[in-house]
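# Results of the structural survey
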Amino acid sequence: MTRSLLLALPLALLAGCGQTLYFAPPPAQSDLRVAVGAESVQINRISIPEYAINQEIPIQQPDGSLSTDTDRLWADLPDRAMLASMVRNLNVITDAQVAAEPWPLSGFPEIELSIFVDDMIVQANGVLRMTGTYAFKSETGRDRIEPFLITAPVAEVTSYTAIIAAHEAAWIKLSEQIARVL
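Residues numbered from 1 in each chain as written. Predicted model: local features only at pLDDT ≥ 70, side-chain atom pairs only at ≥ 80, totals over all residues. Heavy atoms only, no water.

## So, the overall build of the chain
Keep this limit in mind: We count a stretch as a helix when DSSP gives it H or I for four or more residues in a row; a strand needs E for two or more, and each element gets its number in order from the N terminus. Atoms counted for the radius of gyration: C-alpha only. Globule rule: 2.2 Å times residue count to the power 0.38. Burial here depends on accessible area, computed with a 1.4 Å probe over protein chains only, as a share of the maximum for the residue type. Under 20% is buried, over 50% is exposed, and the range in between is partly exposed. We call two residues in contact whenever any of their non-hydrogen atoms come within 4.5 Å of each other. For the accessible areas, the method is Shrake-Rupley and the probe is 1.4 Å, while residue cover comes only from the protein chains on display. We count Lys and Arg on the positive side and Asp and Glu on the negative side, and we leave His and both chain ends out. Throughout, a charge is located at the NZ atom of Lys, the CZ atom of Arg, the CG atom of Asp or the CD atom of Glu.
From N to C terminus, the chain includes four helices and nine strands. Its helices and strands in sequence order give the chain the pattern α-β-β-α-β-β-β-α-β-β-β-β-α, from N to C terminus. Taken over the C-alpha trace, the chain has a radius of gyration of 20 Å; the compact-globule value for 182 residues is 16 Å, which it surpasses by more than 25%. By its C-alpha atoms, the chain is 80 × 40 × 30 Å across when sized along the principal axes. A buried classification covers 39% of the 182 residues belonging to the chain. In the chain, of all internal contacts separated by at least 6 residues, the share reaching a separation of at least 24 is 68%. Counting every atom, the chain has about 10,000 Å² of accessible surface; 54% of that belongs to carbon and sulfur. Treating the 12 positive side-chain charges of the chain as one cloud and the 21 negative ones as another, the clouds have centres 2 Å apart.

Below you can see the structure in the form of structure tokens.
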């Protein structure tokens, strides 16, 4: 092999590699405003299923299997992105001060919120389906566990921008549901 061919081979291999694209939820905001009884809320944790915790974006196929494309990834870990969205949305929707654990303000929060997502799947039919429960813990009030079922349309299942936008829309809907119960 000639020297120029040896130098050209790695460049050709690199040129054949795909570029990884990262997707972040578009800025969106709820129009809902709710006065709540609590002055402060801490989100302790958000737990999502193993298939949804990685940066790969799972999409359900017609046979029920989930597939991912390693060249198209969340810009952040999905549970972190969901946590940031929930804090932002609950601060806008409610009149409470909402923050993630650890509590950054003095004293203790009145209510602690944990969210447990059972399913967060972009279905083959073009709908994001998110199910699970959320729990309120309060030293002065009543503890509660509430189920949720949230759906959001995905404008185009082959568009990762549309898929990520559907996630943000679902998180806003969940924030609105939680705010109404706070």
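## Topic: the pattern of salt bridges
Side chains that differ in sign of charge can pair as their charged atoms come close. Convention followed: In the sections that follow, a salt bridge refers to a side-chain nitrogen of Lys or Arg positioned within 4 Å of a carboxyl oxygen of Asp or Glu.
Counted according to the given criterion, the structure contains five salt bridges. Of the charged contacts, one joins E168 and R88 as a salt bridge, the two residues approaching to 3.2 Å between their closest N and O atoms. Of this pair, E168 sits in helix α4 (residues 160–181) while R88 sits in helix α3 (residues 78–93), and the two are 80 residues apart along the sequence. Its salt-bridge partner being R129, residue D119 comes within 3.7 Å of it at the nearest N-O pair. With D119 in strand β7 (residues 111–122) and R129 in strand β8 (residues 127–138), this pair connects stretches of sequence that are 10 residues apart. For R129, a relative accessible area of 32% puts it in the partly exposed group.

## What about the pairing of β7?
Short version of the rule: Any two strands between which DSSP finds at least two bridges are classified as paired.
Pairing between strand β2 (residues 40–47) and β7: six bridges, direction parallel. Opposite I43, over in β7, you have L113 as the bridge partner. Relative to β8, β7 is paired through 11 bridges, and the arrangement is antiparallel. When the bridges of β8 are listed, V117 appears paired with G132. Where β7 folds back on β8, the antiparallel hairpin that results is connected by four residues, among which G126 adopts a positive phi of roughly 90 degrees.

## Regarding the nonpolar core
Going by this rule: Each nonpolar core is a collection of buried residues, namely Ala, Val, Leu, Ile, Met, Phe, Trp, Tyr and Cys, held together in the definition by side-chain atoms within 4.5 Å.
With 45 residues, the main nonpolar core has M82, M86, L113, I115, M130, L174 and I178 as its most contacted residues. Looking at this core, the elements with two or more residues in it are β2, α3, β7, β8, β9 (144–153) and α4. If you tally residues by element for this core, the top one is α4, at 10 residues. Not counting residues within four places of it along the chain, the set of residues in contact with M86 comprises I43, I46, I115, W171, L174, S175 and I178.

## Quick notes on the packing of α3 against α4
Our working rule: The convention used is that axes are lines fitted to C-alpha atoms, helices contributing only their stretch in contact, and that angles between N-to-C directions extend from 0 to 180 degrees. Roughly parallel means an angle under 35 degrees; roughly antiparallel means over 145; roughly perpendicular covers 65 to 115; every other angle is labelled oblique. For any helix crossing, the convention is left-handed if the near helix is rotated counterclockwise from the far helix by under a right angle, and right-handed if that rotation is clockwise. In this classification, Asp, Glu, Lys and Arg are treated as charged, Ala, Val, Leu, Ile, Met, Phe, Trp, Tyr, Cys and Pro as nonpolar, and every other residue, Gly included, as polar.
Between α3 and α4, the least distance of the axes is 9 Å, while the angle of their chain directions is 45 degrees. Classified by the angle their axes make, α3 and α4 are oblique. In this structure, α3 meets α4 at a crossing whose hand is right-handed. Contact with α3, carried on its side by P78, A81, M82, S85, M86, R88, N89, L90 and I93, involves E168, W171, I172, L174, S175, E176, I178 and A179 of α4 and no other residues of that element. In terms of residue class, the contact of α3 with α4 is built from 11 nonpolar, three polar and three charged.

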